[in-house]
Amino acid sequence: MTQQTLVLSVLLFAIGAVGFLVRRNAIVVLMSVELMLNACNLAFVAFSRQLADMTGHVYVFMIMTVAAAEAAVGLAIVVLIFRTRRAVNLDEINLMKG
Amino acid sequence: MIQAIAFYVFAATAVVFALIVVAARNPIYSALSLIGCLFAVAGVFALNAAHLVAILQVLVYAGAIMVLILFVIMLLSLTPEELGRPVINWRKVLAVFLLAAAAVVLASRLGTAPQAAVPPADPSFGTIEGVGLILFTRYLLPFEMVSLLLLAAILGAAILSRRGPGDRT
């Protein structure tokens, strides 16, 4: 089960990375980041099971918390940019002032 | 045996939903597929004896974070023009090709590596009792620091989305 879980983790991370690089919608980019974080969690859990050590589970909690904080602040920024510039396309958001 | 079948069902579901997340044009479809993907990953967590992590994945990720994302998508309610038309250029093709190649190489190496026997889990492995014990003893300081991080995130989000008296809309 460990190997198969790690292979699934690799696949999900690659899909998330493709979404992060290819998509230009800011919300979809944030969701791709969530996908990559989930793939990391999967690897942590798989190694935790293989080594019979629950430290990996503690790391998963930390990653989940960071993901929640990142989503909250990131979405607040997206809403703010949309309110002032009417755009969520990352190619159009290229000015610090505006 | 039944575990292997369940694993492959969950894994296939997760990969298909993840592909929809990246490929869907409408962010609503992306968000709903991401919820499905997170549920499937929670199933894989449970199969790896990480019961508490699986429950928290459903509660925190699929329950809280995804509701936040869906709420923002519906708040913005983007029109087709604001979504923009899909652009395909050589950089995107290159990114997809390179990452697909890297994933295939890594996955094939992992799939053919010699497999160590998985030790039998003791009854408290992955339960609230087992994880909570080391979370509140060995990892107490990181736990408290994470609560500070959450406080900072709450304040940051609240201040960012606050409306000043001079704001439009």
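Residues numbered from 1 in each chain as written. Chains lettered and ligands numbered in written order. Predicted model: local features only at pLDDT ≥ 70, side-chain atom pairs only at ≥ 80, totals over all residues. Heavy atoms only, no water.

Draft legend 1. Structural context of the overall build of chain B. Of the regular secondary structure elements, chain B holds seven helices and zero strands. Its helices and strands in sequence order give chain B the pattern α-α-α-α-α-α-α, from N to C terminus. What you see for chain B is a C-alpha radius of gyration of 21 Å, clearly larger than the 15 Å of a compact globule of 169 residues, by over 25%. Across the 169 residues of chain B, 33% fall into the buried class. (Helix = DSSP H or I, 4+ residues; strand = E, 2+ residues; numbered from the N terminus. Rg over C-alpha atoms; globule rule 2.2 N^0.38 Å. Buried < 20%, exposed > 50% of the residue type's maximum accessible area, 1.4 Å probe, protein only.)

Draft legend 2. Looking closely at the packing of helix α3 (residues 55–85) of chain A against helix α7 (residues 140–160) of chain B. Put simply, α3 of chain A and α7 of chain B touch, their axes get as near as 9 Å, and they point 10 degrees apart. When the axes of α3 of chain A and α7 of chain B are compared, the pair comes out roughly parallel. Across from Met-62, Thr-65, Val-66, Ala-69, Ala-72, Val-73, Ala-76, Ile-77 and Leu-80 of chain A in α3 of chain A, the residues of α7 of chain B making contact are Pro-142, Phe-143, Val-146, Leu-149, Leu-150, Ala-153, Ala-157 and Leu-160 of chain B. Class assignment for the residues of the contact of α3 of chain A with α7 of chain B results in 16 nonpolar, one polar and no charged. (Axes fitted to C-alpha atoms, helices over the stretch in contact; angles between N-to-C directions. Parallel < 35°, antiparallel > 145°, perpendicular 65-115°, else oblique. Contact = heavy atoms within 4.5 Å. Nonpolar A, V, L, I, M, F, W, Y, C, P; charged D, E, K, R; others polar.)

Draft legend 3. Geometry of the interface of chain B and chain A. Across the boundary between the two partners, chain B contributes 81 residues, which contact 64 residues of chain A. Between chain B and chain A, a total of about 6,600 Å² is buried, with carbon and sulfur atoms accounting for 77% of that surface. Counting every contact that joins chain B to chain A gives zero salt bridges. Of all the secondary structure elements, the ones that give two or more residues to the side of chain B that touches chain A are α1 (2–23), α2 (27–47), α3 (51–76), α4 (80–83), α5 (90–112), α6 (128–135) and α7 of chain B. By residue number, the principal contributor to the side of chain B that touches chain A is α3 of chain B, which donates 13 residues. (Buried area = accessible area lost by both parts, 1.4 Å probe. Salt bridge = Lys/Arg side-chain N within 4 Å of Asp/Glu carboxyl O.)

Draft legend 4. Seen up close, unusual backbone geometry. Residue Ala-52 of chain A is not a glycine yet carries a positive backbone phi of 55 degrees. With respect to the helices and strands, the residue Ala-52 of chain A is situated in the loop between α2 (26–51) and α3. The residue Ala-49 of chain B is not glycine, and still its phi comes out positive at about 65 degrees. Overall, Ala-49 of chain B belongs to the buried group, its relative accessible area being 12%.

Draft legend 5. How the structure looks around the packing of aromatic side chains. Within the structure shown, the criterion is met by three aromatic pairs over all chains. Measuring from ring centre to ring centre gives 4.8 Å for Phe-136 of chain B and Phe-143 of chain B, while their planes differ by 70 degrees; the resulting arrangement is edge-to-face. (Phe/Tyr/Trp six-rings, centres within 6.5 Å; stacked < 30°, edge-to-face > 60°.)

Draft legend 6. Quick peek at helix α1 (residues 2–22) of chain A. If you check α1 of chain A, its first and last C-alpha atoms are 30 Å apart, about what 21 residues at 1.5 Å a residue would give, namely 30 Å. Most of α1 of chain A is tucked away, with 16 of its 21 residues classed as buried. (Expected span 1.5 Å × (residues − 1).)

Draft legend 7. Representation of the packing of α1 of chain A against α5 of chain B in the model. Two elements in contact, α1 of chain A and α5 of chain B, have axes separated by 9 Å at closest approach and are oriented at 170 degrees. In terms of their interaxial angle, α1 of chain A and α5 of chain B are classed as roughly antiparallel. For the pair α1 of chain A and α5 of chain B, the contacting residues are Gln-3, Leu-6, Val-7, Val-10, Leu-11, Ala-14, Ala-17, Val-18, Leu-21 and Val-22 of chain A in the first and Lys-92, Ala-95, Val-96, Leu-99, Ala-103, Leu-106, Ala-107, Leu-110 and Gly-111 of chain B in the second.

Draft legend 8. Examining a nonpolar patch on the surface more closely. All names here are of chain B. Side chains of Trp-90, Leu-94, Phe-97 and Leu-98 sit close together on the surface and give an oily, nonpolar patch of about 500 Å² of accessible area. Position of Leu-94 relative to the elements: it lies in helix α5. Since its relative accessible area comes to 41%, Leu-94 is described here as partly exposed. (Patch = residues over 30% accessible without salt bridge, like charges linked within 9 Å, V, L, I, M, F, W, Y side chains within 5 Å. Areas by Shrake-Rupley, 256 points an atom, 1.4 Å probe, with all protein chains shown as cover.)

Draft legend 9. Spatial organisation of the domain arrangement of chain B. Residues and elements named next belong to chain B. When the domains of chain B are assigned, the result is domain 1 (1–110) and domain 2 (124–162). Its C-alpha centre places domain 1 at a distance of 24 Å from the equivalent point of domain 2. Listed per partner, the contact involves five residues of domain 1 and five residues of domain 2. Interface area, domain 1 with domain 2, both sides summed: about 340 Å², of which 72% is carbon and sulfur. Ranking the residues of domain 1 by area buried against domain 2 places Ala-49, His-51 and Leu-52 at the top, with a combined share of 88%. Taken together, the links from domain 1 to domain 2 amount to one residue pair in polar contact (both at pLDDT 80 or more). When the residues that make up the side of domain 1 that touches domain 2 are grouped by side-chain class, the tally is three nonpolar, two polar and no charged. (Domains from an automatic or database assignment. Polar contact = N/O pair within 3.5 Å; in protein donor to acceptor, adjacent residues only side chain to side chain.)

Draft legend 10. Summary view of the layout of surface pockets. Estimates place the volume of the largest pocket at around 670 Å³. Along its surface, the largest pocket is lined by 27 residues, and Val-22, Arg-23 and Arg-24 of chain A together with Val-87 and Lys-92 of chain B are the ones closest to its centre. Taken as a whole, the second largest pocket spans an internal volume of roughly 280 Å³. Taken together, 17 residues make up the lining of the second largest pocket; nearest its centre are Phe-61 and Thr-65 of chain A together with Leu-56, Leu-135 and Phe-143 of chain B. For the lining of the second largest pocket, the element with the highest residue contribution is α3 of chain A, accounting for five residues. (1 Å grid on protein atoms, 1.4 Å probe; cavity = no way out; pocket = protein on both sides within 12 Å on 5 of 7 lines; lining within 4 Å. Points joined across faces, edges and corners; volume = space filled by probe spheres on them.)

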